[in-house]
There are 2 protein chains.
Amino acid sequence: MPPARPRLSDVAALAGVSQKTVSNVINDYPHVTERTRLKVEAALRELNYRVNIPARSLASGRTGFIALAVPSLDNPYFSELAVHVMAAAAAYRWTVLIEQTGGSPDAETLVVDGAMPYLVDGIVLHLRSLTPADLRNRSDSTPLVLIGEKTPHHIADYVAGDSVQAAYDLTTHLLRTGRTRVAVIGIERDTRFATSTLRFEGYRRALADAGIDVRDDYVVPVERFQRENGAIAMGSLLALPEPPDAVLCFNDLLALGALSHLNTVGVAVPRDVALAGFDDIDESAYSSPPLTTIAWDTKAIAERAVALLAERLSGDSDSPPREISVDYTVVQRQSTTLS
Amino acid sequence: MPPARPRLSDVAALAGVSQKTVSNVINDYPHVTERTRLKVEAALRELNYRVNIPARSLASGRTGFIALAVPSLDNPYFSELAVHVMAAAAAYRWTVLIEQTGGSPDAETLVVDGAMPYLVDGIVLHLRSLTPADLRNRSDSTPLVLIGEKTPHHIADYVAGDSVQAAYDLTTHLLRTGRTRVAVIGIERDTRFATSTLRFEGYRRALADAGIDVRDDYVVPVERFQRENGAIAMGSLLALPEPPDAVLCFNDLLALGALSHLNTVGVAVPRDVALAGFDDIDESAYSSPPLTTIAWDTKAIAERAVALLAERLSGDSDSPPREISVDYTVVQRQSTTLS
DNA sequence: ATGAAAGCGCTAACAG
DNA sequence: CTGTTAGCGCTTTCAT
């Protein structure tokens, strides 16, 4: 039988003070005598005391947890994002609980309604399928910050980059390198998925500004945003009577899958086909050739999102939703230019 | 002011029963009349009741959380592992808290001593630097399951594959393809790091069995197990008077970095240099060429580890440490064989 | 099969 | 600056 976990009262007894005083010391309450503090700290150390977090949560109404809900943690973009969120949260002494939604409306609804099997002080949600309309009258008042895409009607705080503009820039980059037959991989059938809709819009506009029509056979839908879907989609593009000379993929995993397929069948990148993606995951700098992509300022997204949560938690729950836009850069690598 | 979160007593009042009865329904206590249960469930739904987890934890002594501590979440192997652990934990209705240790002894010590800023029912720790000796007399009795590497003296439950044998098999595979100058990337200066020590041992034995001496200039140390370290190490191997014709990297990220470097400088893989890694991360099937690697049964590791925790939590805290060995396969891809 | 009462370990509000 | 009291919302005995 292991020794029971020491309680505040044990520490208080040992230090010869009241429980409240020990609590004051632990919580850095300013008005404690140096002498008392040292005494208490000695007792704390001697007993190897650790606060009982559930008890503190119950008493204080704060849990010290925030939830980070992303479509899937094994997507490198999201695991890299998670690392940034954890770092940002640490500055506020928050612990991050990672939740996977699969991007499904049902799972995302559970998150915004606070129906997860734990209590959190705030939620950072990378939205995929829920629309602004779905977010009206949510049945929970936990502060919520959306990340992912700029959503049109603002009913919640969000932090995001401009996918339309980024897709426009990236498509324009492809056109400037002399490409004329630019295809796109990553359309989703369900138009609630903002990512593909917005990126397609940027692509469409860039083509329009260059006087080029969107060709239906150059627009390839995918089921998921994974490498294998990119590889399959690339295969169908190559099978076309007139294959594209450039392909814009809606994320890096799709592009990396497409690249793998091109390398396998011996189509030269970028000579025969140029390739670009979104998100600048670590891997994209090490592919052969390295991938041109959109690098969001993911660290900023994480920090601003957590900071927004902190503001809401420190009383500001009534001011209108805040919308924070973050930067991106077009990272030009050898998949589009033989520099 | 949002409506207050309903409490058990609110539900009890609405349903016209006692608090205890509501609690019974929520916790699937068997002896509840059908009629009563339906009444309570209706009230639960009407009020949109959600248990207050900290309160439950305080009263029951169980938190419903387990910690998963890994070196870094942005390493794909660990994020993929995390997904498996979360899935396995869900079967026990546990929520997984992911902790990053950076592989440092200090951080790992905090984990085994339960000094994380939250309370958990159990811990799954992927050990990197702590030795069995460090694990003796830990100051915490939270059930702990180690994963990562088989450790010699067993003082805690663990689930792991056999790195020595895997490295032996992989090196042997390289030798069988006709390679004679096999280098290795991934040695760490600190011998407490079991991964590199064990994998080197397997490499050494395979060479010895083939009558080949380990060449010091073919053993390249790294600071970290990341792509860039692999690329740099590969550069130094190529600069040798007699470069290797095969390189065993101690994880896939190192191998992928090395591959990137080889592709950049125009050394053909596998013709000029064969390359192999460990872990079989998703990415490794899509590199150019795809990477030969060791595929651990990561799903089994996750499931067995969580199951072990469950056993310990259901009373069995005294039986001797359990050691579970999991399978691996040598996945042969084009980085070593032109099939 | 259901209810009443106690208490988990902490913080908050107030008193001194 | 420190102590006292109450109570957070649930589960656990123990009765009935």
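Computed from a predicted structure; not experimentally measured.

### So, the protein's contact with DNA strand D
Now for step 1: Around DNA strand D, a shell composed of 24 residues is seen, among which A:Thr21, A:Thr33, A:Thr36, B:Leu8 and B:Tyr49 lie nearest.
Now for step 2: Close to the protein, within 4 Å, the atoms of DNA strand D belong to sugar or phosphate groups at a rate of 64%.
Now for step 3: Separating a phosphate oxygen of DNA strand D from a backbone N or O atom of A:Ser18 is a distance of 2.8 Å.
Now for step 4: Interatomic distance of 3.4 Å between a backbone N/O atom of B:Asn52 and a phosphate oxygen of DNA strand D.
Now for step 5: Of all the secondary-structure elements, those providing two or more residues to the surface near DNA strand D are α2 (19-26) and α4 (53-60) of chain A together with α2 (19-26) and α4 (53-60) of chain B.
Now for step 6: Here the residues of the surface near DNA strand D sort into 10 nonpolar, 10 polar and 4 charged.

### Looking at the nonpolar core
Now for step 1: Core analysis: the largest hydrophobic core is formed by 153 residues, its most contacted members being A:Ile185 and B:Ile185.
Now for step 2: In contact with A:Ile185, not counting residues within four places along its chain, are A:Val220, A:Val222, A:Gly230, A:Ala233, A:Met234, A:Leu237, A:Val247, A:Leu248, A:Cys249, A:Phe250, A:Leu254 and A:Ala258.
Now for step 3: Counting 38 residues, the second-largest nonpolar core is a separate cluster that includes B:Phe65, B:Leu130, B:Leu135 and B:Ala160.

### Examining empty space enclosed by the protein
Now for step 1: As enumerated under the stated definition, the model contains 6 cavities of 30 Å³ or more in all.
Now for step 2: For the largest cavity, the calculated volume is near 170 Å³.
Now for step 3: A:Tyr286, A:Ser287, B:Tyr286, B:Ser287 and B:Ser288 are the residues nearest the centre of the largest cavity, which is lined by 15 residues in total.
Now for step 4: Here the lining of the largest cavity gets 4 residues from one element, more than from any other, and that element is helix α11 (residues 252-265) of chain A.
Now for step 5: Of the residues assigned to the lining of the largest cavity, the class counts are 6 nonpolar, 7 polar and 2 charged.
Now for step 6: If you trace the second largest cavity, you find 14 residues lining it, with A:Pro54, A:Phe65, B:Ile53, B:Pro54 and B:Phe65 closest to the centre.
Now for step 7: Of all the secondary-structure elements, those providing two or more residues to the lining of the second largest cavity are α4 of chain A together with α4 of chain B.
Now for step 8: The residue makeup of the lining of the second largest cavity, split by class, is 10 nonpolar, 4 polar and no charged.

### Quick look at the sheet that holds strand β11 (residues 323-325) of chain B
All names here are of chain B.
Now for step 1: The parallel open sheet is built from 6 strands, whose spatial order is β2-β1-β3-β4-β5-β11. A strand with exactly one partner marks an edge of an open sheet, and here the two such strands are β2 (95-100) and β11. Mean inter-strand twist for the sheet, computed between neighbouring axes without regard to direction, equals 20°.
Now for step 2: As judged from the 6 bridges shared by strand β1 (residues 65-70) and β2, these two strands associate in the parallel manner. Note on β2: the bridge partner recorded for Ala67 is Leu97.

### Considering the protein's contact with DNA strand C
Now for step 1: The local shell around DNA strand C holds 24 residues, among which A:Leu8, A:Tyr49, B:Thr21, B:Thr33 and B:Thr36 are the closest.
Now for step 2: Looking at DNA strand C alone, sugar and phosphate atoms form 68% of those within 4 Å of the protein.
Now for step 3: With respect to DNA strand C, the backbone of A:Leu8 contributes an N or O atom lying 2.5 Å from a phosphate oxygen.
Now for step 4: At the level of secondary structure, the elements contributing two or more residues to the surface near DNA strand C comprise α2 and α4 of chain A together with α2 and α4 of chain B.
Now for step 5: The element best represented in the surface near DNA strand C is α4(A), accounting for 4 residues.

### Things to note about the pattern of salt bridges
Close approach of charged atoms allows side chains with opposite charge to pair.
Now for step 1: Under the definition given, this model contains 36 salt bridges over all chains.
Now for step 2: Two residues, A:Asp190 and A:Arg192, come together in a salt bridge whose shortest N-O distance is 2.9 Å.
Now for step 3: Overall, the relative accessible area of 35% leaves A:Arg192 in the partly exposed class.
Now for step 4: When the shortest N-O distance is used, the salt bridge between B:Asp140 and B:Arg138 registers 3.9 Å.
Now for step 5: Under the relative-accessibility criterion, B:Asp140 is labelled buried at 16%.

### Here's the deal with the domain arrangement of chain A
Residue and element names in this part refer to chain A.
Now for step 1: Assigned domains within chain A: domain 1 (8-51), domain 2 (65-160 + 297-326) and domain 3 (163-296).
Now for step 2: Just the C-alpha atoms count here: the centres of domain 2 and domain 3 sit 28 Å apart.
Now for step 3: Residue-level contacts link 14 residues of domain 2 with 19 residues of domain 3.
Now for step 4: Of all residues in domain 2, Tyr77, Arg128 and Glu149 give up the largest surface area on contact with domain 3, accounting jointly for 44% of the area buried on that side.
Now for step 5: Our count for the contact surface shared by domain 2 and domain 3 stands at 2 salt bridges.

### Describing the sheet that holds strand β8 (residues 246-249) of chain A
All names here are of chain A.
Now for step 1: Spatial strand order, β7-β6-β8-β9-β10-β12: 6 strands in an open sheet with mixed pairing. With partners counted over all chains shown, the strands left at the sheet margins are β7 (219-221) and β12 (328-331), one partner each. Recorded for the sheet is a direction-independent mean angle of 15° between the axes of neighbouring strands.
Now for step 2: As paired strands, strand β6 (residues 182-187) and β8 are joined by 4 bridges and run parallel to one another. Its bridge partner being in β8, Val184 is matched across the sheet by Leu248.
Now for step 3: Of the strands in this sheet, β6, β7 and β8 touch helix α10 (residues 227-238), which is tilted by about 145° from β6.

### Describing the side chain of A:Asp157
Residue and element names in this part refer to chain A.
Now for step 1: Turning to its location among the elements, Asp157 is positioned in strand β5 (residues 157-160).
Now for step 2: Reaching out from Asp157, the side chain makes a polar contact with the backbone nitrogen of Arg322 at a distance of 2.7 Å.
Now for step 3: If near-sequence neighbours (up to four positions away) are discounted, Asp157 is found in contact with Leu144, Val145, Leu146, Leu308, Arg312, Pro320, Pro321 and Arg322.

Here is what the cut-offs are and how they apply
Residues numbered from 1 in each chain as written. Chains lettered and ligands numbered in written order. Predicted model: local features only at pLDDT ≥ 70, side-chain atom pairs only at ≥ 80, totals over all residues. Heavy atoms only, no water. Near = heavy atom within 4 Å. Polar contact = N/O pair within 3.5 Å; in protein donor to acceptor, adjacent residues only side chain to side chain. Helix = DSSP H or I, 4+ residues; strand = E, 2+ residues; numbered from the N terminus. Nonpolar A, V, L, I, M, F, W, Y, C, P; charged D, E, K, R; others polar. Core = buried A, V, L, I, M, F, W, Y, C linked by side-chain atoms within 4.5 Å. Buried < 20%, exposed > 50% of the residue type's maximum accessible area, 1.4 Å probe, protein only. Contact = heavy atoms within 4.5 Å. 1 Å grid on protein atoms, 1.4 Å probe; cavity = no way out; pocket = protein on both sides within 12 Å on 5 of 7 lines; lining within 4 Å. Points joined across faces, edges and corners; volume = space filled by probe spheres on them. Pairing = 2+ DSSP bridges. Axes fitted to C-alpha atoms, helices over the stretch in contact; angles between N-to-C directions. Salt bridge = Lys/Arg side-chain N within 4 Å of Asp/Glu carboxyl O. Domains from an automatic or database assignment. Buried area = accessible area lost by both parts, 1.4 Å probe.

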